[in-house]
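# Summary of structural features
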Amino acid sequence: MSALFYFNDILTSELDENNIYRLLALNGCSQIYAEQGELEKAEHYYSQVLKNIKDVEIDDPLTILHALAILCDAGEFYGERKMYRESNSLLRYAYKIGANYHALFYMTRILLRQGLNDMQQGKKKEITIQHLNDACAFARINRNRITLEHAKKALKQLEN
């Protein structure tokens, strides 16, 4: 709860709506409320992220990583709540940033969530398999065993 205090301090300062630190504070508030099961409050903060994240000036490696972290968190939040339009939009933008700036670390999470969204939306099996296979490849590169297992499990579900 003390984190909310500090995030709120950032949010009440005079930062532009698309300032990366303001968006990180919104993301943090969202995560705390989601963890507490207060999904309406979490969505309130993520909706502000959704409105402003694409206006962030991506101009240095730290901003790239911060933006990707926010986009992944928000994309997962919306995807888990079956709000696919929002989730997919955030994930596509995250993928674009990751690809353009060769930032591979978040690709595993982006592609796994995209594959799970594809499955839940009944999208073409070929596209879903591609997303999940790509998630597996990036998970192996990043040595991310947990996400690799999630992606493999999803691929097995597609086989059945």
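Quick note: structure is the one above.
As a starting point, this report considers the structure included with it. (Residues numbered from 1 in each chain as written. Predicted model: local features only at pLDDT ≥ 70, side-chain atom pairs only at ≥ 80, totals over all residues. Heavy atoms only, no water.)

Taken together, the side chains of Ile 10, Leu 15, Tyr 21 and Leu 62 define a hydrophobic patch exposed on the protein surface, amounting to about 340 Å² of accessible area. In this structure, Tyr 21 sits in helix α2 (residues 20–35). (Patch = residues over 30% accessible without salt bridge, like charges linked within 9 Å, V, L, I, M, F, W, Y side chains within 5 Å. Areas by Shrake-Rupley, 256 points an atom, 1.4 Å probe, with all protein chains shown as cover. Salt bridge = Lys/Arg side-chain N within 4 Å of Asp/Glu carboxyl O. Helix = DSSP H or I, 4+ residues; strand = E, 2+ residues; numbered from the N terminus.)

Here we come to a positive patch on the surface. On the surface, a cluster of positive charge is made up of Lys 54, Arg 92, Lys 96 and Lys 123. If you trace the backbone, Arg 92 turns up in helix α5 (residues 84–100). A relative accessible area of 51% places Arg 92 in the exposed class. (Lys, Arg positive; Asp, Glu negative; His and termini not counted. Charge placed at Lys NZ, Arg CZ, Asp CG, Glu CD. Buried < 20%, exposed > 50% of the residue type's maximum accessible area, 1.4 Å probe, protein only.)

It is worth spelling out the packing of aromatic side chains at this point. Under the counting rule described, the total for this entry stands at 6 aromatic pairs. Relative to Tyr 45, the ring of Tyr 33 lies with its centre 5.8 Å away and its plane at 10°, an arrangement referred to as stacked. Of the two residues, Tyr 33 is situated in helix α2 and Tyr 45 in helix α3 (residues 39–52); the sequence distance between them amounts to 12 residues. Neither Tyr 33 nor Tyr 45 differs from the other in exposure class; each is buried. Taking the centre distance of 5.0 Å and the plane angle of 90° together, the rings of Phe 105 and Tyr 106 count as edge-to-face. Since its relative accessible area comes to 56%, Phe 105 is described here as exposed. Members of the aromatic cluster, joined through ring pairs, are Tyr 46, Phe 77 and Tyr 78. (Phe/Tyr/Trp six-rings, centres within 6.5 Å; stacked < 30°, edge-to-face > 60°.)

Attention now goes to the layout of surface pockets. One number sums up the size of the largest pocket: a volume of about 220 Å³. Lining the largest pocket we find Glu 76, Glu 80, Arg 109, Leu 112, Arg 113, Leu 116, Thr 147, His 150, Lys 153, Ala 154 and Gln 157. Among the secondary structure elements, those contributing two or more residues to the lining of the largest pocket are α4 (61–80), α6 (107–121) and α8 (145–159). In terms of residues, the lining of the largest pocket owes the most to one element, α8, which gives 5 residues. Tallied by class, the residues present in the lining of the largest pocket amount to 3 nonpolar, 3 polar and 5 charged. Every residue lining the second largest pocket is listed: Leu 91, Arg 92, Tyr 95, Ile 110, Leu 111, Gln 114, Lys 123, Gln 130, His 131 and Asp 134. Among the elements of the structure, α5, α6 and α7 (125–142) are those that each provide at least two residues to the lining of the second largest pocket. Here the residues of the lining of the second largest pocket are counted per class, giving 4 nonpolar, 3 polar and 3 charged. (1 Å grid on protein atoms, 1.4 Å probe; cavity = no way out; pocket = protein on both sides within 12 Å on 5 of 7 lines; lining within 4 Å. Points joined across faces, edges and corners; volume = space filled by probe spheres on them. Nonpolar A, V, L, I, M, F, W, Y, C, P; charged D, E, K, R; others polar.)

So, on to α7. Given 3.6 residues per turn, any residue in an α-helix points the same way as the ones three and four places further on. When the terminal C-alpha atoms of α7 are compared, their 25 Å separation across 18 residues agrees well with the 26 Å that a helix rising 1.5 Å per residue should span. Taken together, the buried positions of α7 are occupied by Thr 128, His 131, Leu 132, Ala 135, Cys 136, Phe 138 and Ala 139. One or two steps after α7, the chain reaches Arg 143, where phi turns positive at roughly 55°. (Expected span 1.5 Å × (residues − 1).)

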